Structure formats: structure tokens, C-alpha cells
Amino acid sequence: MTTPIPADIPDIPRIPGIAASAAASAVPIVPAYAVVPRVRRPLVAAFRLLVALAAAAGVALDLLLGAPLRVLSYATILSSVLVAAVFTVSAWRAWKARHPLRPSVTACTLLYAVGTGLVYHLILADDATAFSMTGDATALTGWHAVTNQLLHTVIPVAVALDWLLLTRPGALRLHSAAAWMILPVAYLAYTVTRGLFLPAGTPARYRYPFLNVSEHGFVEVLGNVTILGLACYALAVLLVALDHIRPGPRRHRAPENRISSPATGGLK
């Protein structure tokens, strides 16, 4: 007489670094999408492609309105180029039902886009002299105003909405916040160093008025750089914290598992 094999046999806990058996160690890991069909997200892809096109259009328009080398040296333009590239890839992955980009990449893009937008609205927009990335000394009107609002307001808001509503939460770690600071700190150091080596009277010697050593002195500019760096890091830490408490995007009902039977028995 034989005893029937139970329908559900619990898995044996795996010892880290040691396979359960020689046969198990030879079996390759099967990804989840090999069992569960991938789901295309055409609406998400359309939204992300629209954001990418808007960022690219704003950068292209600024390049037409001003000297390309001057325009490309501003943080807003660099972050907008990153948004255009990242959202183009994200749109393609959503359309093809591919695995999304790494959460650290999308959050880093959000940090740079929102950071440049906040600097503009909190510091540069209230400056007595009109701030312009194209070198136009007159007040920002016409297409200058359009690109300013597009790159400093519309794009950061769109990137934030995508991160909050269309990406999965809970994957960011605190050490990522420190890694995201490498580019902002390097950019600030480059901008100040570049201005110090250029001769006095050079147009747009310092790209931003709060980094103008000739006007404010080196000590004050160093303090401004420190404050900006700490504020950027605080924003990065805030994004990591929000990632662990924000709700995830709504998902469609999970597809039916085609491998196991809906009955209470084992695999058939």
C-alpha cells in the first residue's frame, strides 16, 4: 500500500550560497514574464512620448533663439535633454511591454528636472534683471517666455506626475541620494571655475547671478553653492522617503495562471 503524495509540498528553505541540489543548481532562473504574459501600456507610452517631445522641443527652440554653446551650458537644458532621452526609452518600454527602467534612473531624472525648476521659480524668476538662457537682454516675451515656462514649469510637473502616478514605489534606497549629487556638485564646481578663468567683461561669464564671484565675492558664492548642494540633497532624501509611503499605480486584474489548474489540487 502506498501513501498518496500531498498536493502542496512546502519549499525547503534555501541556504545562501548553496544550491538545494546539484540538479537545482543547473536549472536556470525563469523570469516572471515567462509565466505571466507581459502587459502593454499604450496610454502610459503616449504620455511619456509627449513629455519627451515637449522637452526636446523646448531645448531645440532655445538653441534656435540663442548661441548653442551658451544654451547647452545651462543646467535646465542639460536636465531637459536627460528627460527627453529617459522618457523616450520609457515610452518605448511601456509600448513594447518591456521591463521599466531602474527606479534610480527615473527618480534621478525627476530630481534634476524639479531641482532646476525650483531654482528658477524661487531664485531666478524674482531677480531684478531678467534671466535668460539665450542671452536676450530684454524682458522675456514671446518664444522666450514659452520656452522658459515649458522647461521650468511644464516639464518638471509632468515628470513628477509620471513618477507619482505611473511608476511602482518602494524600490529607492538612501545611498542613491548621495549618488545623484555627483552631477549637480560637479556642475556647480565647473560653472564657478569656468567663470574664474575667463577674463573680466566676458559675456555671461557666470551662468547664474548667484554664482557671480565678481559681484558677490568668493565667500558668498561658496556659501550659495553649499546651500544649493544641501537643498538638492534634502530634496533627494525627500524623494526616497516619499517613494516608500506613496501608493502604487492602479493595475489591471492579474492574468490567469495557465500552468496550474484552478482546482485545489496540484499541478496537472
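Notes on the structure in this doc start here. (Residues numbered from 1 in each chain as written. Predicted model: local features only at pLDDT ≥ 70, side-chain atom pairs only at ≥ 80, totals over all residues. Heavy atoms only, no water.)

### So, the overall build of the chain
- Scanning the chain from N- to C-terminus turns up ten helices and zero strands.
- Each helix and strand of the chain, placed in order from N terminus to C terminus, yields the pattern α-α-α-α-α-α-α-α-α-α.
- When contacts within the chain are restricted to residue pairs at least 6 apart in sequence, those whose partners lie at least 24 apart make up 73%.
- Carbon and sulfur atoms provide 69% of the accessible area of the chain, an area that totals close to 16,900 Å². (Helix = DSSP H or I, 4+ residues; strand = E, 2+ residues; numbered from the N terminus. Contact = heavy atoms within 4.5 Å. Areas by Shrake-Rupley, 256 points an atom, 1.4 Å probe, with all protein chains shown as cover.)

### Section: the packing of helix α8 (residues 182–197) against helix α10 (residues 218–243)
- For the pair α8 and α10, interaxial distance at closest approach is 10 Å and the crossing angle is 165 degrees. Here α10 runs roughly antiparallel to α8, going by the angle between their axes. Classified by chirality, the crossing of α10 by α8 is right-handed. Where α8 approaches α10, its residues Pro184, Leu188, Val192 and Leu196 are matched on the opposing element by Phe218, Val221, Val225, Leu228 and Cys232. (Axes fitted to C-alpha atoms, helices over the stretch in contact; angles between N-to-C directions. Parallel < 35°, antiparallel > 145°, perpendicular 65-115°, else oblique. Left-handed = near helix turned anticlockwise from the far one by under 90°.)

### Focus: a positive patch on the surface
- A surface patch of like charges, here positive, comprises Arg38, Arg40, Lys96 and Arg98.
- If you trace the backbone, Arg38 turns up in the loop between α1 (22–26) and α2 (42–65). (Patch = residues over 30% accessible without salt bridge, like charges linked within 9 Å, V, L, I, M, F, W, Y side chains within 5 Å. Salt bridge = Lys/Arg side-chain N within 4 Å of Asp/Glu carboxyl O. Lys, Arg positive; Asp, Glu negative; His and termini not counted. Charge placed at Lys NZ, Arg CZ, Asp CG, Glu CD.)

### Regarding the nonpolar core
- Core analysis: the largest hydrophobic core is formed by 47 residues, its most contacted members being Val83, Leu111, Val159, Trp180 and Tyr208.
- For this core, the elements supplying multiple residues, two or more each, are α2, α4 (75–95), α5 (103–124), α6 (143–166), α7 (174–180), α8 and α10.
- Top element by residues in this core is α5. It accounts for nine residues.
- What Val83 contacts, discounting residues up to four positions off in sequence, is Val51, Ala55, Thr109, Ala113, Ile155 and Val159. (Core = buried A, V, L, I, M, F, W, Y, C linked by side-chain atoms within 4.5 Å. Buried < 20%, exposed > 50% of the residue type's maximum accessible area, 1.4 Å probe, protein only.)

### A short note on the packing of aromatic side chains
- Evaluation of the coordinates by the stated rule reveals two aromatic pairs.
- For the ring pair Tyr74 and Tyr208, a centre distance of 5.5 Å and an interplane angle of 85 degrees mean the geometry is edge-to-face. Taken as a pair, Tyr74 in the loop between α3 (68–71) and α4 and Tyr208 in the loop between α8 and α9 (213–216) lie far apart in primary sequence, 134 residues in all.
- Residue class for Tyr208 comes out buried when judged on its relative accessible area of 7%.
- A ring pair is formed by Tyr208 and Phe210, whose centres lie 5.5 Å apart and whose planes are at 20 degrees; its orientation type is stacked. (Phe/Tyr/Trp six-rings, centres within 6.5 Å; stacked < 30°, edge-to-face > 60°.)

### Some words on the side chain of Arg48
- Within the fold, Arg48 resides in helix α2.
- Residue Arg48 is classed as buried on the basis of its relative accessible area, which comes to 7%.
- Polar side-chain contacts of Arg48 include one of 3.3 Å to the backbone oxygen of Leu166.
- What Arg48 contacts, discounting residues up to four positions off in sequence, is Phe87, Ser90, Ala91, Ala94, Asp162, Leu166 and Thr167. (Polar contact = N/O pair within 3.5 Å; in protein donor to acceptor, adjacent residues only side chain to side chain.)

### Overview of a nonpolar patch on the surface
- A surface patch of nonpolar side chains, amounting to about 350 Å² of accessible area, comprises Val157, Leu161, Leu164 and Leu165.
- In this fold, Leu164 is placed in helix α6.

### Side note on unusual backbone geometry
- A positive phi angle, near 60 degrees, is found at Ala97, a position not held by glycine.
- Along the chain, Ala97 turns up in the loop between α4 and α5.
- Ala97 gets classed as buried once you look at its relative accessible area, which sits at 11%.

Keep in mind that these numbers describe shape and distance, not what the molecule does.
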